[in-house]
Structure formats: structure tokens, C-alpha cells
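Observations on the model geometry
Read off the chains here:
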Amino acid sequence: MKMRGFGKLGLQVSAFGLGCMRFPMIEKDGKTIVNDDVAIPIIHAAIDGGVNYVDTAYGYLSGLSEITVGKALQGGYREKVYLATKLPCWKVDKPEDMQALFEEQLQKLQTDHLDFYLVHALDGERWEKMKEFGVREFLTRLKAEGRIKYACFSFHDEYNAYMKIIDEYDWDMVQLQYNFMDIANQATEKGVRYAGKKGIPVVVMEGLLGGKLANAPAFIQEIYDAFPVKRSPVEWAFRWLCDQPEVSTVLSGVSSMEQTLDNLRIFDGVESGVMTQEEKDLIAKVREAYQSRTKVGCTGCEYCMPCPLNVNIPRTFSVWNNAALYGGLAKGNAEYKRLVEDGNDPEQCIECGKCMSNCPQNIQIPENLKLATADLK
Ligand SMILES: NC(=O)c1ccc[n+]([C@@H]2O[C@H](COP(=O)([O-])OP(=O)(O)OC[C@H]3O[C@@H](n4cnc5c(N)ncnc54)[C@H](OP(=O)(O)O)[C@@H]3O)[C@@H](O)[C@H]2O)c1
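Everything numeric here is computed off the predicted structure, so don't read it as measured data.

**Quick word on the nonpolar core**
Tyr117, Cys152, Val174 and Val204 are the most contacted members of the largest nonpolar core, which has 115 residues in total. Once you skip the residues sitting within four places of it in the chain, Val204 turns out to touch Leu176, Tyr178, Leu241, Val247, Val250 and Leu251.

Structure follows, in C-alpha cells:
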């Protein structure tokens, strides 16, 4: 397992960080639970294979991930890893809730301290709320008390919100959605470089875009196949990330032992700054090929919202683009059904055009909602 520097913290952390959000679930006694018979051996195999960073969160796997991780880390495994979990901001209604959630998390994880404690899935709005509740003072106090070692945040919003958050506290690490398709999305490539300049280590999540980049459709596989060096789409995606020195650890949320062993192999061979120009061009070509299938250039800024008829415009376009780019029409149909169930489906559009006056991309929204419906319904 390749170890990597960890920005200003000076730690050595494994290139592969184990994400504990994708383990299989099973039905037992009328309840859906984590399949510990699969999950715990995966956690042990990863740690035995050199992984020293384990990432979970309060809400993962219906709130059961922390319990599974806590069980797996007994018998000497806890001491071998940096353990990260996250404060669920959406469950915080008053300042005292933060402490109560933290105590509950330590209990579930069967540990007396955390190495990394992240404010989970911050966006611009949540950050304002959490600041008012005193989250910065709370994190600073937990650090002083030795109950957490490092205070961090994970992020899902756009660049400007990220830049505000990263500069408004002395963060020890940031966890970002980053992969070769998301260079202009979320915190963006620029945001990754900015963290690097500040010495803040970047932990990557969704390096395979939640698994979408693992299953290359035929038009993408052809591009990989034409390249003289043969690697799986997963390996190309992880190598692209690890080529960047700002990236300290790539979290991979594995769902099987096979994937765990594959990733142990891949992350044993990664380095920063070694990709050739031809290899970088290959990734750019794959990105362009994916992007050429984009149905609509929606960036998810939500300026078009709220829709008076309750259509969720960005979600509809995201489902439509994902189905077209990543070859998942069946998944697109399922997600369309969820839009309908949630009362946000595009068929409610009456073409009032209110949304269009606010769209920075000048998208013909009502027309595209009809096309999306035709494809997805
Ligand atoms: N803080 C946050 O807001 C947040 C958000 C998202 C994720 N995270 C964390 O970041 C971690 C990583 O994100 P992610 O799970 O979305 O990562 P990801 O690497 O983008 O996607 C994981 C999925 O990729 C597929 N995969 C992984 N290794 C593979 C292999 N060797 N071969 C084929 N397929 C493979 C699996 O899909 P299948 O299961 O479909 O086979 C797996 O479930 C999460 O587990 C979680 O710990 C945090």
C-alpha cells in the first residue's frame, strides 16, 4: 500500500481510505441491517492490506455503519487506523445537539476519541446555521480536550460556498467530491489546488462518481481499449486522482471483497506526478466523450428554483444527464419514479417560463423538461 503525505499535518496516510458507506445490507427479522459477515472481513482485509484510514458517518447505511465499524475495530484494529466520522448538521437544531450526537457516535464506534471529526456535507446554507450554533468553538474545544485530533469538513455545494467555508476556520482537512468528471463541479479542481496551497490535505470522496466511472459503457471502453497501456476504468480513475499531490487519500466505498482486493492492488501502484502526457490526454478524451452525451448543460446552481409547480428542475436534469452519460436508463427510470413520488416530476410544468429568466446557462427549461420526460418516463 502506498502511503502519502497529509499536508500540514505531516502524517503518513494510505492512498486507499476505506469508505464505509457501501457495504451490502440484508433483511433479518423484518429489519434491514448491514451484512456484517461481508462488511467486517472487508474492513479487516483492508487494514491488513495496509489501509490506515477508515471513513464513516452518523447516517451511513441507515445509521448502522458506525456500529459495524465499531465492531470491526475491536481486537487491536482501532489502534492501526485513523478513524473519521462526521457530525450530521441536519440533526442539529440547537447547540447542545452537537455534543449529544458526538457522544452517541463515540459509543457506537466503541472508542474514546476520533482522529478526524468532520462537519458533514456542508453547503453555504448549512455553514451559516452551524456557525450560529458555534460549531467552530465546539470543534476547537473537542480538540483541546483530546477527544478529537483533527477538525474537518466534507462538502457538497459549489465553488464560492467552498471558498467561504475553507477560509472561515483553521481546518485540518477537507473531504471533497472529486474525480476526472468533476473538475468543474462542486469545489472544483481549483478548490483542490487552493486547499493544497494552504497546506490543507484533501481526502477525496466519490472518486468513481459513486461507481459510475467503474462501468464504462461501450463508447468509453473503446477509447480505453485503443490505448497501448491496458488498465481497468477503476484503475485509470484512481491513478488520475493520485497523480495530484494535493490529494492525500482517496476514499473508496467498496461493496465486496473482490473490489477491496482490486483496490488494494491498484493503490499499491499509485504515485503523484507520474502520469505521462499521453495518459492525461487519454483521460481528457474519456471526459470529452462522456460530456458529448450530456443532454442539457445544467450545472445544478438552482437559480431556477423554486418552481411554482414544484418541479425539481436541477434534479430532473441531473437524472437525465446521468442516464445518458453513464448508460443507466433503467436507473434513470427508477429515479424518475422517485421524482414523481416526491411530487417533483417534470410533467407538472405549465411552461410559465419563470425559471428561464433566472437560468445563467440560458437553458430552454420547459422544452428540455418535456424531452427529459420522454426519455425517462
Ligand atoms: N461526506 C460526504 O458527504 C460523503 C458523500 C459520499 C461519500 N462519502 C464517503 O466517501 C466514500 C467514497 O465515496 P463513494 O463510496 O461514493 O466512492 P466511489 O469510489 O465513487 O464509489 C464506490 C462504488 O464504486 C464501485 N467500486 C469500487 N471499487 C471498485 C472496483 N475495484 N471495481 C469495480 N467497482 C468498484 C462500487 O460500486 P458498486 O457497489 O455499485 O459495485 C462502490 O460501491 C464513501 O464510501 C463514504 O465513506 C462521503
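**Brief notes about the site of the ligand**
Around the ligand sit 28 residues, and of these Gly19, Ser154, Met205, Gly211 and Gly253 come closest. Looking at the shell around the ligand, the elements that each hand over two or more residues are strand 8 (114–122), strand 12 (247–252) and helix 11 (257–267). Here the shell around the ligand is built from residues that sort into ten nonpolar, 13 polar and five charged.

**Describing the sheet that holds strand 11 (residues 202–205)**
A barrel is described by the order of its strands in space; here eight strands give the closed sequence 3-6-7-8-9-10-11-12, paired in parallel fashion. For this sheet, the mean angle separating the axes of adjacent strands, direction not counted, is 30°. Summarising the sheet, strand 6 (residues 53–55) and strand 7 (residues 82–87) pair through three bridges and their orientation is parallel. Of the residues in strand 7, the one forming a bridge with Val54 is Leu83.

**Details of the domain arrangement of the protein chain**
Parsing the protein chain into structural domains produces domain 1 (3–275) and domain 2 (313–376). One C-alpha centre belongs to domain 1, the other to domain 2, and the line joining them spans 30 Å.

**A word on the pairing of strand 12**
Burial analysis of strand 12 places six of its six residues in the buried class, which makes it a mostly covered element. Here strand 3 (residues 16–19) runs beside strand 12; their pairing, made up of three bridges, is parallel. Bridging across to strand 12, Gly17 finds its partner in Leu251. In terms of strand pairing, strand 11 meets strand 12 through three bridges, oriented parallel.

**Describing unusual backbone geometry**
With an omega of 0°, the peptide bond running from Met305 to Pro306 counts as cis. Tracing the chain through its elements places Pro306 in the loop between helix 12 (277–292) and helix 13 (313–325). The phi dihedral of Asp29 falls on the positive side, at around 50°, and the residue is not glycine. Relative to the elements of secondary structure, Asp29 occurs in the loop between strand 4 (25–28) and strand 5 (31–34). We classify Asp29 as exposed; it has 5 C-beta atoms within 10 Å. One non-glycine residue, Glu351, adopts positive backbone phi at about 60°. Tracing the chain through its elements places Glu351 in the loop between helix 14 (329–341) and helix 15 (365–376).

**Let's talk about helix 15**
Between its first and last C-alpha, helix 15 extends 16 Å over twelve residues, near the 16 Å set by a 1.5 Å rise per residue. Listing the buried residues of helix 15 in full gives Ile365, Asn368, Leu369, Ala372 and Leu376. Taken around the axis of helix 15, the buried residues stretch over an arc of 105°, which confines them to a single face. The secondary structure elements touched by the buried residues of helix 15 are helix 13 and helix 14.

**Section: the packing of helix 13 against helix 15**
Direction vectors running N to C along helix 13 and helix 15 enclose 50°, while the axes themselves pass 10 Å from each other. It follows that helix 13 is oblique to helix 15 by the angle criterion. Considering how the two elements wind past one another, helix 13 and helix 15 form a crossing that is left-handed. Contacts from Ile313, Thr316, Phe317, Val319, Trp320 and Ala323 of helix 13 reach helix 15 at Ile365, Leu369, Ala372, Asp375 and Leu376. A per-class count over the contact of helix 13 with helix 15 returns nine nonpolar, one polar and one charged.

What counts and how
- Residues numbered from 1 in each chain as written.
- Predicted model: local features only at pLDDT ≥ 70, side-chain atom pairs only at ≥ 80, totals over all residues.
- Core = buried A, V, L, I, M, F, W, Y, C linked by C-beta atoms within 7 Å.
- Buried ≥ 20, exposed ≤ 12 C-beta atoms within 10 Å, placed from the backbone.
- Contact = placed C-beta atoms within 7 Å.
- Near = placed C-beta within 6 Å.
- Helix = DSSP H or I, 4+ residues; strand = E, 2+ residues; numbered from the N terminus.
- Nonpolar A, V, L, I, M, F, W, Y, C, P; charged D, E, K, R; others polar.
- Pairing = 2+ DSSP bridges.
- Axes fitted to C-alpha atoms, helices over the stretch in contact; angles between N-to-C directions.
- Domains from an automatic or database assignment.
- Expected span 1.5 Å × (residues − 1).
- Arc of directions from axis to C-beta.
- Parallel < 35°, antiparallel > 145°, perpendicular 65-115°, else oblique.
- Left-handed = near helix turned anticlockwise from the far one by under 90°.

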